[in-house]
Amino acid sequence: MKLYFHPASTTSRVVTLYAAQEGATLEYQLVDLMTGEHLRPAYAALNPSCLVPMLEDGDFRLGECSAIIKYLADLQGSPAYPRELKQRARVNELMDWFNANLYRELAYGLVYPQLFPHHKRPGDEVQAATLAWGKQKSQRWLAVLDQHLLGPDRRYLCGEQLTLADYLGIEMVLVGELIACDYSAYPNLQRWMNNMKALPSWGPVHEVFNGFAGSLRGQDFVRL
């Protein structure tokens, strides 16, 4: 199986972290987002959405990081995606929660409009309003995550067992570190993040991300 990806891509790292930690065997094909390779005809012919990641398994192609790690986990029979119906439903719920709520507001409402020109809103007033909205909504979702989804006792999102929800959720929270968001108001969130960062595969998967985040230090951002 071949994974088309970029290591600076939040959604790509969802898959690469899962694969590294769970031992999924993949061939890695870099798609250079920085030069616009994902927008060129060769890649667009494979993935009309022109996004990474994309998994290729023979003549079967699959986009969207959530779908990809579910597919890989089912192929492996990984306990990270439990087969018991209610346990699996909880994992699915949490993955949808991150995608539909926190990631939308934190990444697309606060972080990306400040980092990437194609996400910046037209006009200073619209940009400022977008960032204010994104910050406010992100704080709300982070509080829900901290106080209710994690709480004081859980090692991972579903308890003691690492699941697909953790692989997806951590990358969507981590995006705030690009603009040096302060998560100290969310101690349960910080505990979980530290548990995830202690995974053996964490360092190699995040080398490029850490370099990118380091290059942004000292810049003036609207942040949490």
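That block above? That's the structure.
Computed from a predicted model, the values in this text were never measured in an experiment.

Enquirer: Would you take a moment to explain the overall build of the protein chain for this structure?
Expert: Within the protein chain one finds nine helices and four strands. Along the chain direction, N to C, the helices and strands of the protein chain fall in the order β-α-β-α-β-β-α-α-α-α-α-α-α. At 17 Å, the protein chain has a C-alpha radius of gyration in line with the 17 Å of a compact globule built from 224 residues. Structurally, the protein chain occupies a C-alpha span of about 50 × 50 × 30 Å along its principal axes. For the protein chain, with 224 residues in total, the buried portion stands at 50%. Taking contacts inside the protein chain between residues at least 6 apart in sequence as the whole, the part at least 24 apart equals 69%. Between the centroid of the 21 positive side chains of the protein chain and the centroid of its 24 negative side chains there is a distance of 4 Å.

Enquirer: Teacher, can you tell me more about the state of the cysteines here?
Expert: Here a disulfide denotes one covalent bond, and it connects the sulfur atoms of two cysteines. Inspection of the entire model under this criterion finds zero disulfides. C158 takes part in no disulfide bond, and the closest cysteine sulfur to it belongs to C65, at a distance of 16 Å. Exposure remark for C158: the relative accessible area of 31% places this residue in the partly exposed category. The thiol sulfur of C181 is not disulfide-bonded, and the nearest other cysteine sulfur, from C65, lies at 20 Å.

Enquirer: Please explain the layout of surface pockets as it appears in this structure.
Expert: Think of a ball as big as a water molecule: rolled over the atoms, this probe shows where empty space is left. Approximately 850 Å³ is the volume attributed to the largest pocket. Lining the largest pocket are 28 residues, with S9, T11, L33, L51 and Y108 positioned closest to its centre. Put simply, the parts of the chain that give the lining of the largest pocket at least two residues each are α1 (10–22), α3 (65–76) and α4 (85–115).

Enquirer: Looking at this structure, how should I read the environment of G211?
Expert: Along the polypeptide, G211 turns up in helix α9 (residues 207–215). Looking at G211, the relative accessible area reads 44%, which means it is partly exposed. Taking the C-alpha atoms as reference points, G211 and Y112, separated by 99 residues in sequence, lie 17 Å from one another.

Enquirer: I keep staring at the sheet that holds strand β4 (residues 60–63) and nothing clicks. Help me out?
Expert: Strand order in the open sheet formed by four strands is β2-β1-β3-β4, and the pairing between neighbours is mixed. Every other strand in the sheet has two partners, leaving β2 (27–30) and β4 as the edge strands with one partner each. Neighbour to neighbour, the strand axes of the sheet diverge by 20° on average, direction disregarded. Across four bridges, strand β1 (residues 2–5) lies against β2 in parallel orientation. From the neighbouring strand, Y4 faces β2, where its bridge partner is Q29.

What counts, and at which threshold
- The numbering scheme is per chain: residues are counted from 1 as the chain's sequence reads.
- For this predicted model, a pLDDT threshold of at least 70 governs which residues receive local features, and a threshold of 80 or more governs which side-chain atom pairs are given and counted, while totals over whole chains, interfaces and linings are taken from all residues.
- Side-chain numbers come from the whole structure's heavy atoms, not from hydrogens or water.
- Helix and strand assignments come from DSSP, with helices taken as H or I runs of at least 4 residues and strands as E runs of at least 2, each series counted from the N terminus.
- Radius of gyration: C-alpha atoms only; globule rule: 2.2 Å multiplied by the number of residues to the exponent 0.38.
- Burial here depends on accessible area, computed with a 1.4 Å probe over protein chains only, as a share of the maximum for the residue type. Under 20% is buried, over 50% is exposed, and the range in between is partly exposed.
- Any two residues whose heavy atoms approach within 4.5 Å at even a single point are treated as in contact.
- Charged-residue counts in this description rest on Lys and Arg as positive and Asp and Glu as negative, His and the chain ends being excluded.
- Every charge is mapped onto a representative atom, which is NZ of Lys, CZ of Arg, CG of Asp or CD of Glu.
- Only a pair of cysteine sulfur atoms within 2.5 Å qualifies as a disulfide here.
- A 1.4 Å probe that fits into a set of points on a 1 Å grid over the protein atoms alone but cannot get out defines a cavity; an open set with protein on both sides within 12 Å along at least five of seven lines defines a pocket, and lining residues are those with an atom within 4 Å of a point.
- Grid points are joined across faces, edges and corners, and a volume is the space filled by probe spheres set on the points.
- Pairs of strands are assigned from DSSP output, requiring at least two bridges between the strands.
- Only the stretch in contact is used when fitting a helix axis, every axis being a line fitted to C-alpha atoms; angles between N-to-C directions are given from 0 to 180 degrees.

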